[in-house]
Structures are given as C-alpha cells and as structure tokens.
Amino acid sequence: MEKKVLRAGIIGSGFAAKFHYDALQRVFSTKVEVAGAYSPSSENLRKFTEPRYLQAFDSLDQLIANADVVHVCTPPVTHEPIVVAALKQHKHVIVEKPFTGYFGDGSAAFNGDTFSKEEGLRHSMESVTRMLDAEKESEGMIMYAENWVYAPAIQKERELLQKTGAQIVWMNGEESHSGSHSLTYGQWKFSGGGSMIGKGCHPLSAAIYLKHAEGRARDGNPIRPKSISARTHAITRMPSFKDEGYLRTTYKDTEDFAMLHVVFEDGTIANLIASELVLGGVHNWLEVNTTNHRTICNINPNTSMQAYTPAHKHFEDVYVVEKTETKQGWSSISPDEGWFAGYQHEMDAFYRSAAFGEPVESNSSLASDVIATIYAGYVSAERKGAEVPITIL
C-alpha cells in the first residue's frame, strides 16, 4: 500500500535541527519529504541545507506554506510566535522543549537572579494560553518534542501501568551532566531559566506523562500536577567554588542545580533533580514505584554496551556517549543513542498522528503542565521552598 506523503519544514539550523533531520530518516509509518529549512542566519542556514541538499527558504511564512509538518528547532524565546504562525496556516507543529517561558522584559538591566518569579509565572502562562488558543482554532496539532516520553523504557512503563492497573505512588528521577557548551544557555533572557527548565523539563515531563497515562487508563482523565516545592542553587557562581576545569562555569544569572518535589491531584508525588554538576556524561533516569511493581528506567547511561581502553587516543575518532569528559578507562558506549533517548520513536509517532489522526502522546496538555510546574517551581524557590499551587489550563 502506498504510504501517505507528508512534507516537513525545519525552522532552525543548529543542534536540534540536525537531530530532527536525522530522526526523520527513520520515520517508517509515512513517507516524509523534507521541503527545506529556514533560519534568520543565512550563513548557518547554508551550512545546514547544502550538505543535505535541502531547499533554503527566504522567509518563515514561505517555509510554513510549503510544509505539512513544521519543526520548531529554535531557541525557546522564539517558540510562541512561530508556533502560532504555523497553526494559523493550519499546519501541524513539532516544537522543541522547553515549550515556552519568560525571557525578561527586554531591558538591558534585566537579571534572572532578581526579577519577580511571580511575574515570570504569569507571563509564561499567558504565552502557553495563546499557543493553546491558536491550536483550538487550527486544523493543526501541537506536538511537544519531549523525547523522554518516547524513550523505549518510558513507553514500556506506560504499557505496564495500563496492563497492571497500578497506581504510581512516587517517582524519583534526574537529568544532569557537566554543563551546556552554549553561552546563551546560562542567560535567563535566552533560556527562560537554568537547570530547572533546561534539564528538569525532561524527567518532569516523563513523570507528568506517566501520571497522565495512569489516569487515562483508569477513567479516561489524566492525573495532573497540583503543587510544587522547589529549591535552586548557583554552585559554580559561588566565590568559594573550586574550579578545576571539568564543570561548565559560564552561567550569568541562572541556577546550575534544582530540586523539585511535585504533588499530583491524587496525592502521589515525584522528586526530581536537575543539575550541571555531574561528571561522567549525561545522567538520565526515572524510577517509578507503584502499588504492584517498581521500574528503573535508565536512559543515559545504560549498560547495553561497555568498553575499556587504556588510552584516549584509541577511541579518538569514536563517538562514545554524550557529554563524557574522557574516553580513557571504562565507557558506557551507546550503540544507538538516539534509539535509547526516544528520538526516532518520537518522530515516527508524530508523523503517524499527522497522517492518520492518532492521539499525540506528548501533546499540548503535557507541555502546558510542564511549563506551569516549572514556573511555579521558580516561585517556590524564590520563597525558599514554600509549597506553591500549579496553574492547570
């Protein structure tokens, strides 16, 4: 049977655009034709499109008009206007995380350490509302590109919940590594926050998703987050921090450590950590404790392949795993990192939804809950960990 053909349009030309393009090569449920890409930087756009033999579009509207599915692979400060523009043209939108946020007042004096976090919560939820309203008025759907949701380990846990009828009683999880290479990542006006949003959005999304899935399996209604207590710290910016050169220290006005305690509508809980303070590569995991089983989902690292070399030079031309500081000694090599992280599963699921109308697992409701939880978390951290209610849209 002839597969349905869908045209993909990629907005952006950096890291996210590259792994979206790579993941599209593994979509098998439909036939994907990459219509091309757009970026405001003509030089970066050329570097992205030429080696992939893609058309470089001159404008955002032109790219949207020539695509069925639009991939938003741009900094989070740009997400809302692009998503709304695509939905107005009735196109499906795959939008990278974080979904949206608060990026300051535009003034040169704006500082992420000192502004009112309640103001940040209000502005971020207004942004979410505008995006959800645009989706309601569109024939297109928002697909929230949270790869943790589609990681095989998380999807297997979703199956366990549905088939065993278990109740999740508490979850424990983390995303950490030694810090982002991007200089803009450490500035609130570009990133909308630090570790809590940049790293914490991943395990938080998976935890909220599993409670959504549990509730839908039980009575058709997702179980939503209700309140949060959170703390944030800027360890590498402390005068007493001992910098030995292994951890990134380029953060200007954002935290490099966050701890979240989330309470759900049914009284169950999740404890999550996000930081830039962990050596040895990416540390991505979620433990799920239920009434009839316990699951530990190891996304990075995992032990599918382990290798030892006495000297870094032997593995110099070998990709081992993301964010590791050295290849000498033992390494947890990921033979297919994208597979374990859920990138190709995510993309195939999105294109099934676009082609056949299948429900979107990582949808705008999940994206909304994640942003609401994170920015309520920043209010809590400003109040030294006081419990703060979460706005549910």
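Structure's up top.
Bear in mind the structure is a predicted one, so any value in this text is a computation, not a measurement.

**Points about the overall build of the protein chain**
Scanning the protein chain for helices and strands turns up 13 helices and 14 strands. For the protein chain, the spread of C-alpha atoms along the three principal axes comes to 55 × 55 × 50 Å. When each of the 393 residues of the protein chain is scored for burial, the buried share is 54%. Pairs at least 24 apart in sequence give 75% of the contacts found in the protein chain among residues at least 6 apart. Entry remark: accessible area of the protein chain is about 17,100 Å², with carbon and sulfur atoms responsible for 51%.

**Overview of the sheet that holds strand β5 (residues 142-145)**
Reading across the sheet, the 5 strands line up as β2-β1-β3-β4-β5 and stay open at both edges, with parallel pairing between neighbours. Two strands bound the open sheet, and with one partner strand each, they are β2 (31-38) and β5. Averaged over neighbouring strand pairs, the angle between their axes works out to 20° when direction is ignored.

**A look at the pattern of salt bridges**
Taken as a whole and assessed by the stated rule, the structure comprises 23 salt bridges. Taken together, the shared-partner salt bridges connect Glu-43, Arg-46, Lys-47 and Glu-50 into one network.

**Thoughts on the sheet that holds strand β11 (residues 294-300)**
Paired through their backbone hydrogen bonds, the strands of a sheet run either parallel or antiparallel. In space, the 7 strands of this open sheet follow the order β11-β10-β6-β9-β8-β7-β14, with mixed pairing throughout. Each edge of the open sheet carries a strand with a single partner, namely β11 and β14 (388-389). Here 8 bridges tie strand β7 (residues 225-233) to strand β8 (residues 257-264), and the two strands are oriented antiparallel to one another. What sits directly across from His-233, in β8, is Phe-257. Of the strands in this sheet, β6 (168-176), β7, β8, β9 (269-275) and β10 (283-290) touch helix α10 (residues 201-219), which is tilted by about 155° from β6. Docked against the sheet, helix α13 (residues 364-382) engages β7, β8 and β14, running at close to 50° with respect to β7.

**Considerations on α13**
With 19 residues, α13 ought to run about 27 Å at 1.5 Å a step, and its terminal C-alpha atoms sit 27 Å apart, in line with that. Burial runs high along α13: 17 of the 19 residues are buried. Backbone nitrogen of Ser-365 and a side-chain oxygen of the N-cap are separated by 3.2 Å at the start of α13; the cap is Asn-363.

**Considerations on the environment of Arg-218**
Turning to its location among the elements, Arg-218 is positioned in helix α10. For Arg-218 and Gln-162, which are 56 residues apart along the polypeptide, the C-alpha to C-alpha distance reads 8.0 Å. Setting aside chain neighbours within four positions, we find Arg-218 in contact with Gly-165, Ala-166, Gln-167 and Ile-223. Within polar-contact distance, the side chain of Arg-218 engages the side chain of Glu-214 at 2.9 Å.

**Considering the layout of surface pockets**
One number sums up the size of the second largest pocket: a volume of about 280 Å³. The wall of the second largest pocket is formed by 16 residues, among which Asp-113, Lys-117, Thr-232, Ala-381 and Glu-382 lie closest to the centre. Those elements giving two or more residues to the lining of the second largest pocket turn out to be β7 and α13. Looking at side-chain class alone, the lining of the second largest pocket contains 4 nonpolar, 4 polar and 8 charged residues.

**With respect to the packing of aromatic side chains**
Taken as a whole and assessed by the stated rule, the structure comprises 13 aromatic pairs. Measuring from ring centre to ring centre gives 6.2 Å for Tyr-185 and Tyr-251, while their planes differ by 70°; the resulting arrangement is edge-to-face. Of this pair, Tyr-185 sits in the loop between β6 and α8 (188-191) while Tyr-251 sits in the loop between β7 and β8, and the two are 66 residues apart along the sequence. Its relative accessible area of 11% is what places Tyr-185 among the buried residues. Overall, the relative accessible area of 4% leaves Tyr-251 in the buried class. Aromatic side chains Trp-339 and Phe-340 sit 5.1 Å apart centroid to centroid with 85° between the ring planes, which places their arrangement in the edge-to-face category.

**Regarding the side chain of Thr-254**
Of note, Thr-254 is situated in the loop between β7 and β8. Judged by its relative accessible area of 2%, Thr-254 falls in the buried class. A polar contact of 3.4 Å, which involves the side chain of Thr-254, links it to the backbone oxygen of Gly-186. Look past the residues within four positions of Thr-254 in its chain and what remains in contact with it is Asp-113, Tyr-185, Gly-186, Gln-187, Trp-188, Gly-193, Gly-194, Ala-234 and Arg-237.

**Structural notes on the packing of α10 against α13**
Between α10 and α13, whose axes approach to 10 Å, the crossing angle comes to 125°. Our classification of the angle between α10 and α13 gives oblique. Helix-helix and strand crossings are classified by hand; for α10 and α13 the assignment is right-handed. Of α13, the residues touching α10 (which contributes Cys-201, Leu-204, Ser-205, Ile-208, Tyr-209 and His-212) are Ser-365, Leu-366, Asp-369, Val-370, Thr-373 and Ile-374.

**Thoughts on the pairing of β8**
Note: β8 against β9, 7 bridges, orientation antiparallel. Considered in β9, the bridge of Ala-258 is made with Ala-274. Taken together, β8 and the strand that follows it, β9, pair antiparallel across an intervening segment of 4 residues, in which Gly-267 is found at a positive phi of about 90°.

Reading the values: rules and limits
Numbering of residues starts from 1 in every chain and runs along the sequence as written. Totals for whole chains, interfaces and linings use every residue, but because this is a predicted model, local features are given only for residues with pLDDT of at least 70 and side-chain atom pairs only at 80 or more, for both listing and counting. Side-chain metrics in this entry use all non-hydrogen atoms of the structure; hydrogen atoms and water are not considered. Helix and strand definitions follow DSSP, with helices as H or I runs of at least four residues and strands as E runs of at least two, each counted in order from the N terminus. Relative accessibility decides the category of a residue: with a 1.4 Å probe and only protein chains considered, values under 20% of the type maximum give buried, values over 50% give exposed, and everything between is partly exposed. Throughout, a contact is declared for two residues whenever any of their heavy atoms are within 4.5 Å. Calculation of accessible area relied on Shrake-Rupley with a 1.4 Å probe; when residues are assessed, cover is drawn exclusively from the protein chains displayed. Pairing between strands is defined by DSSP: at least two bridges between the two strands are required. Fitted lines through C-alpha atoms serve as axes, helices being fitted only where they are in contact, and the angles separating the N-to-C directions of these axes extend from 0 to 180 degrees. Each salt bridge in this description consists of a side-chain nitrogen of Lys or Arg and a carboxyl oxygen of Asp or Glu lying within 4 Å of one another. Given a helix with a known number of residues, its expected span is that number minus one, times 1.5 Å. Between N or O atoms, a polar contact is any pair within 3.5 Å; within protein, one atom must be a potential hydrogen donor and the other a potential acceptor, and residues adjacent in sequence are included only when both atoms are from side chains. Every definition here rests on a 1 Å grid over the protein atoms only: cavities are sets of points where a 1.4 Å probe fits but cannot get out, pockets are open sets enclosed by protein on both sides within 12 Å along at least five of seven lines, and lining residues have some atom within 4 Å of a point. Grid points are joined across faces, edges and corners, and a volume is the space filled by probe spheres set on the points. Each residue receives one of three labels: charged for Asp, Glu, Lys and Arg, nonpolar for Ala, Val, Leu, Ile, Met, Phe, Trp, Tyr, Cys and Pro, and polar for the others, Gly being one of them. Ring geometry is summarised as follows: Phe, Tyr and Trp rings, the Trp one being its six-membered ring, pair when their centres sit within 6.5 Å, and such pairs are stacked at plane angles under 30 degrees, edge-to-face over 60 and tilted between the two. Any angle between 65 and 115 degrees counts as roughly perpendicular, while under 35 counts as roughly parallel, over 145 as roughly antiparallel, and the rest as oblique. Here a crossing is taken to be left-handed if its near helix is turned anticlockwise relative to the far helix by less than a right angle, and right-handed if that turn runs clockwise.

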